[in-house]
Amino acid sequence: MNDVLLSARGLTKTFGDFTAVDGIDVQVTSGESFGFLGPNGAGKSSTMKMVAATSPPSGGELRIFGLDPVTEGAAVRARLGNCPQQDNLDEEITVEENLHVYGRYFGLPRKVIRERTDELLDFAQLTERRGDKVEPLSGGMKRRLTIARSLINNPEILLLDEPTTGLDPQARHVLWDRLFRLKRQGVTLIITTHYMDEAEQLCDRLVVMDHGRIVAEGSPRSLIEQHSTREVLELRLPLDERADHSDVVHLVDGVGSYVEALPDRLLVYTDHGDGALEAVHARGLQPITSIVRRSTLEDVFLRLTGRTLVD
Ligand SMILES: Nc1ncnc2c1ncn2[C@@H]1O[C@H](COP(=O)(O)OP(=O)(O)OP(=O)(O)O)[C@@H](O)[C@H]1O
């Protein structure tokens, strides 16, 4: 059996009267790519900061590498890579110097720092920019540098808080490719995201979080199998002025297993999207647009909470 690297029981974080993380239970084993998926404010960053040993838990039990992050914080941090939500690079110094500073912070010998810097610049596809200041780099490059820097101490776990928020699609794909490589090298990844496609791409297993609680747990595939149908028929119907799609749900009653109404469309959940569309036409309905797609984690979230992940 793989080692348990992270174990949380009843983990809680409060800010005054407000409970941001509400008694969650989580275990992550070595080599896993584990995700916290949830909308803004779900409590993901608060959880990550406790795991990173930068913010103490308010309650419950938390062990990382079997260590207590409150009393053994330095030992925990030495074995972790931490990429916070906001890049906190030193923009005044060069790309390479950013790596050197971190290496010295961890007390690594000069020779090791030089070797690791070369490897990590190559990994982050930044070798050609090594002597440049950080400030003019693109958002994607800065993100890759932040990740490279967090790998200087050869961490067993890499924490990534919203790794691709704010990046354009191409930069996201480059970053995903780099994270796949790390995963193949056996680095345990713990990722927070509010992008269901990112969770599906990167995570072997994840928890869905909402209002500080875990509402579901499993692999992306098992979550979809458990909480959604194989396909979804998305329909935009012609509406009277002032009506929205929640007013016309009854028109497709019984067409699929269940229906969710968003203001601008109906989502008909079914294992056979094309058959459902035929049934819609047979009722004399003429959708403005209709598409059949496979179910995603977004559908799981909508089913479990009645809300969408990204507002
Ligand atoms: N230092 C703090 N003081 C008071 N409230 C806080 C603090 N940090 C977080 N919160 C609150 O806790 C809740 C959870 O925030 P958290 O950042 O953990 O959520 P999140 O899921 O990571 O969302 P986001 O992606 O927006 O960061 C939010 O309502 C937030 O306003």
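Residues numbered from 1 in each chain as written. Predicted model: local features only at pLDDT ≥ 70, side-chain atom pairs only at ≥ 80, totals over all residues.

- The name an unreviewed UniProt entry gives the chain is ABC transporter ATP-binding protein, with Janibacter limosus as the organism.
- Its UniProt record, at the heading Subcellular location (unreviewed entry), says of the chain: "Cell membrane". (UniProt positions renumbered as here; feature names shortened; annotations may be inferred.)

Here's the deal with the sheet that holds strand 13 (residues 289–294)
Here is step 1: Reading across from one edge, 11-12-10-13 is the order of the 4 strands in this open sheet, with antiparallel pairing throughout. Each edge of the open sheet is held by one strand with a lone partner, namely strand 11 (258–262) and strand 13. Direction aside, the axes of adjacent strands within the sheet are offset by 20° on average.
Here is step 2: The pairing of strand 10 (residues 231–236) with strand 13 spans 6 bridges and is antiparallel. Note on strand 13: the bridge partner recorded for leucine 233 is valine 292. (Pairing = 2+ DSSP bridges. Helix = DSSP H or I, 4+ residues; strand = E, 2+ residues; numbered from the N terminus. Axes fitted to C-alpha atoms, helices over the stretch in contact; angles between N-to-C directions.)

Details of the sheet that holds strand 5 (residues 80–83)
Here is step 1: Read across the sheet, 6 strands follow the order 5-6-7-3-8-9 without closing on themselves; strand pairing throughout is mixed. With one partner strand each, in any of the chains shown, strand 5 and strand 9 (213–218) form the two edges of the open sheet. Here the average twist between neighbouring strands, direction ignored, is 15°.
Here is step 2: In terms of strand pairing, strand 6 (residues 157–161) meets strand 7 (residues 188–193) through 5 bridges, oriented parallel.

What to know about the site of the ligand
Here is step 1: Taken together, Phe15, Phe18, Ala20, Gly38, Asn40, Gly41, Ala42, Gly43, Lys44, Ser45, Ser46 and Glu162 make up all the residues around the ligand.
Here is step 2: Contributing elements (two or more residues each) for the shell around the ligand: strand 2 (18–29) and helix 1 (44–51).
Here is step 3: The dominant element in the shell around the ligand, judged by the number of residues it contributes, is helix 1, at 3 residues.
Here is step 4: Here the residues of the shell around the ligand sort into 4 nonpolar, 6 polar and 2 charged. (Near = placed C-beta within 6 Å. Nonpolar A, V, L, I, M, F, W, Y, C, P; charged D, E, K, R; others polar.)

Points about the packing of helix 3 (residues 95–105) against helix 5 (residues 139–150)
Here is step 1: Packing of helix 3 against helix 5 brings their axes to within 9 Å, and their N-to-C directions diverge by 30°. One finds that helix 3 runs roughly parallel with respect to helix 5. Every pair of crossing elements has a handedness; the one defined by helix 3 and helix 5 is right-handed. For the pair helix 3 and helix 5, contact is made by Val95, Asn98, Leu99 and Tyr102 and by Leu145, Ala148 and Arg149, respectively.
Here is step 2: Considering only residue class, the contact of helix 3 with helix 5 consists of 5 nonpolar, 1 polar and 1 charged. (Parallel < 35°, antiparallel > 145°, perpendicular 65-115°, else oblique. Left-handed = near helix turned anticlockwise from the far one by under 90°. Contact = placed C-beta atoms within 7 Å.)

Let's talk about the environment of threonine 229
Here is step 1: Its location among the elements puts threonine 229 in the loop between helix 8 (220–227) and strand 10.
Here is step 2: For the pair threonine 229 and glycine 273, spaced 44 residues apart in sequence, the C-alpha separation works out to 9.9 Å.
Here is step 3: Excluding residues that lie within four positions of it along the chain, threonine 229 makes contacts with Gly256, Ser257, Tyr269, Thr270, Asp271 and Ser295.

A short note on the pairing of strand 7
Here is step 1: Burial within strand 7 is extensive, with 6 of its 6 residues counted as buried.
Here is step 2: Taking every second residue as pointing to the same face, both faces of strand 7 are buried, with Thr188, Ile190 and Thr192 on one and Leu189, Ile191 and Thr193 on the other.
Here is step 3: As defined by bridge partners, strand 3 (residues 33–37) adjoins strand 7 across 5 bridges and the pair is classed as parallel. The residue bridging serine 33 from the neighbouring strand is leucine 189, located in strand 7.
Here is step 4: Taking the sense of rotation as the criterion, the β-α-β connection linking strand 6, helix 6 (residues 169–184) and strand 7 turns out right-handed. (Buried ≥ 20, exposed ≤ 12 C-beta atoms within 10 Å, placed from the backbone. Right-handed = clockwise from strand over helix to strand, strands pointing away.)

Regarding the domain arrangement of the chain
Here is step 1: What the domain assignment lists for the chain is domain 1 (4–219) and domain 2 (229–294).
Here is step 2: The C-alpha centroid of domain 2 is placed 40 Å from the C-alpha centroid of domain 1. (Domains from an automatic or database assignment.)

Topic: helix 3
Here is step 1: All buried positions along helix 3 are accounted for by Val95, Glu96, Asn98, Leu99, Tyr102 and Gly103. For helix 3, the angular spread of buried residues about the axis comes to 160°, placing them on one side. Exposed residues pointing more than 90 degrees away from the buried face of helix 3 are listed as Arg104 and Tyr105.
Here is step 2: Contact partners of the buried residues in helix 3: helix 4 (110–123) and helix 5.
Here is step 3: Glycine 107 sits one or two positions beyond helix 3 and adopts a positive phi of about 70°. (Arc of directions from axis to C-beta.)

Quick word on helix 6
Here is step 1: Between the first and last C-alpha of helix 6 there are 23 Å, a value that for 16 residues agrees with the 22 Å anticipated at 1.5 Å per step.
Here is step 2: By the burial criterion, the buried members of helix 6 are Arg172, Leu175 and Leu179. Projected down its long axis, helix 6 carries its buried residues within an arc of 70°, all on one side. Residues of helix 6 that are exposed and point more than 90 degrees away from the buried face comprise Gln170, Asp177, Arg181 and Arg184. (Expected span 1.5 Å × (residues − 1).)

Here we look at the packing of helix 5 against helix 6
Here is step 1: In contact at an axis separation of 9 Å, helix 5 and helix 6 are set at 20° when each is read in the N-to-C sense. Between helix 5 and helix 6, the crossing angle belongs to the class labelled roughly parallel. Where helix 5 crosses over helix 6, the two elements pack in a sense that is right-handed. Facing Gly139, Gly140, Arg143, Arg144 and Ile147 of helix 5, the residues of helix 6 in contact are Ala171, Val174, Leu175 and Arg178.
Here is step 2: Per-class residue counts for the contact of helix 5 with helix 6 are 4 nonpolar, 2 polar and 3 charged.

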